[in-house]
Amino acid sequence: MASAAISWAAVTPEPQYRPALASGFRRVRRPEILHVGAACRDIAPDDLRGWRLGGGVTYAALTTARLGLRTAAVVGVDEAARTASELDLLRDAGVDLMLIHLDAGPIFHNVEQPTGRVQTCVQASQPLPIPALPESWEAATAWSIAPVAGEVHDDWVRVIPDPAFVGLAWQGFLRTLRSGERVTRRAPSASPLLRRADLVGGSHHDIDPVTPLADLYPLLRPSGLFLVTQGHEGGLLRAPLQ
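Since this is a predicted model, take the numbers as computed values, not measurements.

A.B. asks: What exactly am I supposed to notice about the side chain of Thr 64 here?
C.D. replies: Of note, Thr 64 is situated in helix 1 (residues 56–66). Those residues within four positions of Thr 64 in sequence are excluded, and the remaining contacts are Ile 33, His 35, Leu 69 and Thr 71.

In structure tokens:
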């Protein structure tokens, strides 16, 4: 999922419910899906703040909540992002949020060009700490691992219950990020989180086009699904061993 900010102003859903606790999340019924990742700040000169909130975890949580699923999200935020107005849109849509402070959160500068987006890493992210989760959240039916800057580390695999269906957005693990430099591809590699995922999704932009998809299958869960999107052309969904 791209890190460019949502056109937040274009969406004003009726709130399904609102958080009731000052801590920022409520002890709700078991979520149908729990999203994990850091929110990023994308440089935006036309915004008075100079940035807009983005990141796969925010897009994903907003989407599933609007589809009517009971949605919770663990979201890493730096000090500036913690009070972002965009987070209120997630709450209004029905997302139960747990905000985790990051001393350094991801910041990107995106420039759209005829040949595609040029993305510069203004600031990389520190790893997302694992908080104490409400029991109802730990029992979520599905988990969505949606890093934007490789911040969801492999220790997270130990808190995901065995029965949960796990989706993973691969893009956030396939970036080389150095502050002040252009973002470049990182070669896919094996990891416990990747191996745990029941569904792995990525864009054809994230992987070197000379890499055969068959070379990626051994990195994935044998029974898992692999989705490669190709913009307006749709995508390819494949189970590695089928």
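After that view, the rundown keeps rolling.
A.B. asks: How do you make sense of the nonpolar core when you look at a structure like this?
C.D. replies: For soluble globular proteins, nonpolar side chains are generally found buried alongside one another. If you look at the biggest cluster of nonpolar residues, it comprises 33 residues, and the most contacted ones within it are Leu 34, Val 36, Trp 143, Ile 145, Trp 170 and Phe 226. Those elements that provide at least two residues to this core are strand 1 (33–38), strand 4 (71–77), strand 5 (95–101), strand 8 (142–145), strand 9 (165–169), helix 5 (192–196) and strand 14 (225–229). With 3 residues, the top contributor of residues to this core is strand 1. Counting residues in hydrophobic clusters, the runner-up holds 19 residues, among them Trp 51, Val 57, Ala 93 and Leu 99.

A.B. asks: Would you mind going over the pairing of strand 2 (residues 40–43) with me for this structure?
C.D. replies: Every other side chain in a regular strand lies on the same face of the sheet, so the side chains alternate between the two faces. As judged from the 4 bridges shared by strand 2 and strand 3 (residues 51–54), these two strands associate in the antiparallel manner. Counted as the bridge partner of Asp 42 is Arg 52 from strand 3.

A.B. asks: Quick question: what am I supposed to make of helix 3 (residues 85–93) here?
C.D. replies: Residues separated by three or four positions in an α-helix point in the same direction, a consequence of the helix having 3.6 residues per turn. The element helix 3 is extensively covered by neighbouring structure, given that 7 of its 9 residues are classed as buried. Within helix 3, the full set of buried residues consists of Glu 86, Leu 87, Leu 89, Leu 90, Arg 91, Asp 92 and Ala 93. On the buried face of helix 3, the contacting elements are strand 3, helix 1, helix 2 (79–82) and strand 5. Phi turns positive one or two residues past the end of helix 3, at Gly 94, with a value near 110°.

A.B. asks: When you look at the environment of Glu 138 in this model, what are you seeing that I'm missing?
C.D. replies: Among the secondary structure elements, Glu 138 is positioned in helix 4 (residues 135–138). In this structure, the C-alpha to C-alpha distance between Glu 138 and Val 159, residues 21 residues apart in sequence, is 7.5 Å. Glu 138 has contacts with Leu 133, Trp 143 and Pro 161, leaving out every residue within four places of it along the chain.

A.B. asks: I tried to follow the pattern of salt bridges on my own but got confused; where do I start?
C.D. replies: Oppositely charged side chains may form a pair once their charged atoms are brought near each other. Per the stated rule, a full pass over the model turns up 9 salt bridges. For Arg 41, the salt bridge identified is with Asp 78, shortest N-O distance 3.0 Å. Taken as a pair, Arg 41 in strand 2 and Asp 78 in the loop between strand 4 and helix 2 lie far apart in primary sequence, 37 residues in all. According to the relative accessible area criterion, Arg 41 is buried, its value standing at 14%.

A.B. asks: Where do I start with the sheet that holds strand 2 in this structure?
C.D. replies: Whether parallel or antiparallel, the strands of a sheet pair through hydrogen bonds between backbone atoms. Strand order in the open sheet made by the 5 strands is 3-2-6-7-11, with mixed pairing throughout. Each edge of the open sheet is held by one strand with a lone partner, namely strand 3 and strand 11 (181–182). One ladder, built from 7 bridges, connects strand 6 (residues 107–113) with strand 7 (residues 116–123); its direction is antiparallel. What sits directly across from Glu 112, in strand 7, is Arg 117.

Calculation notes
- Residues numbered from 1 in each chain as written.
- Predicted model: local features only at pLDDT ≥ 70, side-chain atom pairs only at ≥ 80, totals over all residues.
- Heavy atoms only, no water.
- Helix = DSSP H or I, 4+ residues; strand = E, 2+ residues; numbered from the N terminus.
- Contact = heavy atoms within 4.5 Å.
- Core = buried A, V, L, I, M, F, W, Y, C linked by side-chain atoms within 4.5 Å.
- Buried < 20%, exposed > 50% of the residue type's maximum accessible area, 1.4 Å probe, protein only.
- Pairing = 2+ DSSP bridges.
- Salt bridge = Lys/Arg side-chain N within 4 Å of Asp/Glu carboxyl O.

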